[in-house]
Amino acid sequence: MKMEGKVAIVTGASRGIGREIALHLARLGAKVAVNYAGSEAKANEVVAQIVEHGGEAFAVQADVANSEAVERMVKEVLERWGRVDILVNNAGITRDNLLMRMKEEEWDAVINTNLKGVFLCTKAVTRPMMKQRYGRIVNIASIVGVSGNPGQANYVAAKAGVIGLTKTAAKELASRNITVNAVAPGFITTDMTDQLSEDVRRAMLQQIPLARLGNPEDIAHVVAFLVSDGASYMTGQTIHVDGGMVM
Amino acid sequence: MADVLERVTKIIVDRLGVEESQVTLESSFKEDLGADSLDVVELVMELEDEFDMEISDEEAEKIVTVGDAVNYIKSRLS
């Protein structure tokens, strides 16, 4: 899976799964725009790590829920590298609460970043990708977007929305050789899951046939496959990477 | 600078694979020239490049016929 000369934008790439996706695509030879919203120092670390290993990358600030910021980001990538082959919509936030207690702001914040953000970024890269007659878009959904999850009505609704958006974008853009797929991670070890109690962890593991939490690498490898030429006959799919939790 | 209609016609012929004789001011992109919605979006993108202008989504939606495109471009160039 060589990606020399390919240009990728990874949103929310300063930490967690996005960071690993950015590092992995760079390792395969892609030039990577490392998008972040607030964590500039962390994004610069990712860039430094890529450059140190002989890759090419730069950090680009943009709140994905802001259309002007998103357009500026894509423009910056085009000015620098002249094309955009790969978009990984990874940026996401959580504002968990029970439905009855969920504030409107919590709902809006998650929908705006996790769903509208995917729409805005996809829209912004569609033009250059149509002209190129080539594009690979991967949306990071979540297994809870398929199964539902108590306490995450906003997050689940956004992720289920992303899966529907993936299918529609796939149908609209297929004739221009742009594929759009989604990856639905299960429980992945990140800063977020590190904070869970032992009891909660144990309960989670009981639901996972492969009996371990996933690593960001597990997601990055599947993303790399989906943006490779090997996956050129796949579009509109949602790949579960969850240790077999939801089948 | 070639006539606006000539330049628009050339792009339409290249993009949609139609005969030049089919392209008149009255021809509708979708009804007469066999374009689908995505083709029209792409045509507008190419017109933006050809005439070095930005056509907003609102304006683009009003472009139904070749004449609409030509008139819009002329109004912007003058």
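The rules behind these values
- Residues numbered from 1 in each chain as written.
- Chains lettered and ligands numbered in written order.
- Predicted model: local features only at pLDDT ≥ 70, side-chain atom pairs only at ≥ 80, totals over all residues.
- Heavy atoms only, no water.
- Helix = DSSP H or I, 4+ residues; strand = E, 2+ residues; numbered from the N terminus.
- Rg over C-alpha atoms; globule rule 2.2 N^0.38 Å.
- Buried < 20%, exposed > 50% of the residue type's maximum accessible area, 1.4 Å probe, protein only.
- Contact = heavy atoms within 4.5 Å.
- Lys, Arg positive; Asp, Glu negative; His and termini not counted.
- Charge placed at Lys NZ, Arg CZ, Asp CG, Glu CD.
- Core = buried A, V, L, I, M, F, W, Y, C linked by side-chain atoms within 4.5 Å.
- Pairing = 2+ DSSP bridges.
- Axes fitted to C-alpha atoms, helices over the stretch in contact; angles between N-to-C directions.
- UniProt positions renumbered as here; feature names shortened; annotations may be inferred.
- Phe/Tyr/Trp six-rings, centres within 6.5 Å; stacked < 30°, edge-to-face > 60°.
- Lys NZ or Arg CZ within 6 Å of the ring centre and 35° of its normal.
- Patch = residues over 30% accessible without salt bridge, like charges linked within 9 Å, V, L, I, M, F, W, Y side chains within 5 Å.
- Areas by Shrake-Rupley, 256 points an atom, 1.4 Å probe, with all protein chains shown as cover.
- Salt bridge = Lys/Arg side-chain N within 4 Å of Asp/Glu carboxyl O.

Caption draft 1: The arrangement of the overall build of chain A in detail. Along the backbone of chain A there are nine helices and seven strands. A compact globule built from 247 residues should have a C-alpha radius of gyration of about 18 Å, and chain A, at 17 Å, falls within 12% of that. If you line up chain A on its principal axes, its C-alpha atoms span 50 × 35 × 35 Å. A buried classification covers 50% of the 247 residues belonging to chain A. A sequence separation of at least 24 residues applies to 73% of the contacts in chain A between residues at least 6 apart. Here chain A holds 27 positive side-chain charges and 26 negative ones, and the gap between their average locations is 6 Å.

Caption draft 2: Region of the structure containing the nonpolar core. Residue and element names in this part refer to chain A. Formed by 33 residues in total, the largest nonpolar core has its most connected members in Ile21, Leu25, Val32, Val34 and Ile219. Those elements that provide at least two residues to this core are strand S1 (7–10), helix H1 (16–27), strand S2 (31–36), helix H2 (40–52), strand S4 (86–89), strand S5 (135–140) and helix H9 (216–226). Discounting chain neighbours no more than four positions away, the residues touching Val32 are Ala8, Val10, Ala22, Leu25, Ala26, Ile50, Glu56, Ala57, Phe58 and Trp81. Val64, Val77, Ile137 and Val180 belong to the second-largest nonpolar core, a separate cluster that totals 30 residues.

Caption draft 3: Seen up close, the sheet that holds strand S3 (residues 57–61) of chain A. Residue and element names in this part refer to chain A. If you walk across this open sheet you meet the seven strands as S3-S2-S1-S4-S5-S6-S7, and the pairing is parallel. Of all strands in the sheet, those with a lone pairing partner are S3 and strand S7 (238–241), marking the two edges. Across the sheet, the mean angle from the axis of one strand to that of its neighbour is 20°, orientation sign disregarded. Note: S1 against S2, four bridges, orientation parallel. Bridging across to S2, Val10 finds its partner in Val34. Lying on the sheet, helix H3 (residues 67–81) is in contact with S1, S2 and S3; it crosses S3 at an angle near 155°.

Caption draft 4: Quick peek at the environment of Gly29 of chain A. Residue and element names in this part refer to chain A. Within the secondary structure, Gly29 is located in the loop between H1 and S2. Separated by 25 residues in the primary sequence, Gly29 and Glu4 have C-alpha atoms spaced 4.4 Å apart. Non-local contacts of Gly29, meaning those with residues more than four positions away in its chain, are made with Met3, Glu4 and Gly5.

Caption draft 5: Spotlight on the UniProt feature "domain: Ketoreductase" (unreviewed entry) in chain A. As annotated by UniProt and renumbered to match this structure, "domain: Ketoreductase" (unreviewed entry) occupies residues 6–186 of chain A. Across residues 6–186 of chain A, helical content stands at 52% and strand content at 18%; the span's end C-alpha atoms are separated by 28 Å.

Caption draft 6: Fine view of the UniProt feature "binding site: NADP(+)" (unreviewed entry) in chain A. All names here are of chain A. UniProt's entry tags Gly12, Ala13, Ser14, Arg15, Asn90, Tyr155, Val156, Ala157, Ala158, Lys159 and Ile188 with the feature "binding site: NADP(+)" (unreviewed entry), counted in the numbering of this structure. What stands out for the annotated residues spanning 177 residues is how far apart their C-alpha atoms range, the widest pair being 24.5 Å apart. Secondary-structure assignment places Ala13 in the loop between S1 and H1. Judged by relative accessible area, Ala13 falls into the buried class, the value being 0%. Among all residues touching Ala13, those that are not within four sequence positions of it are Gly18, Arg19, Ala22, Val34, Asn35 and Val46. Along the chain, Ser14 falls in the loop between S1 and H1. Those residues in contact with Ser14 that lie beyond four places of it in its chain are Arg19, Asn35, Tyr36, Ser39, Lys42, Ala43 and Val46.

Caption draft 7: Up close: the packing of aromatic side chains. Residues and elements named next belong to chain A. All told, the structure shown has one aromatic pair over all chains when counted by the stated rule. Centre to centre, the rings of Phe58 and Trp81 are 5.2 Å apart; their planes meet at 70°, and the pair counts as edge-to-face. Pair noted here: Phe58 is in strand S3 and Trp81 is in helix H3, with a separation of 23 residues, a long-range link. Stacked on the ring of Phe58, the Lys or Arg Arg80 has its end atom at 3.8 Å from the ring centre.

Caption draft 8: Just a negative patch on the surface, in detail. A contiguous patch of negative charge, built from Asp3, Glu6, Glu19 and Glu20 of chain B, is present on the exposed surface. Glu20 of chain B sits in the exposed class, given a relative accessible area of 59%.

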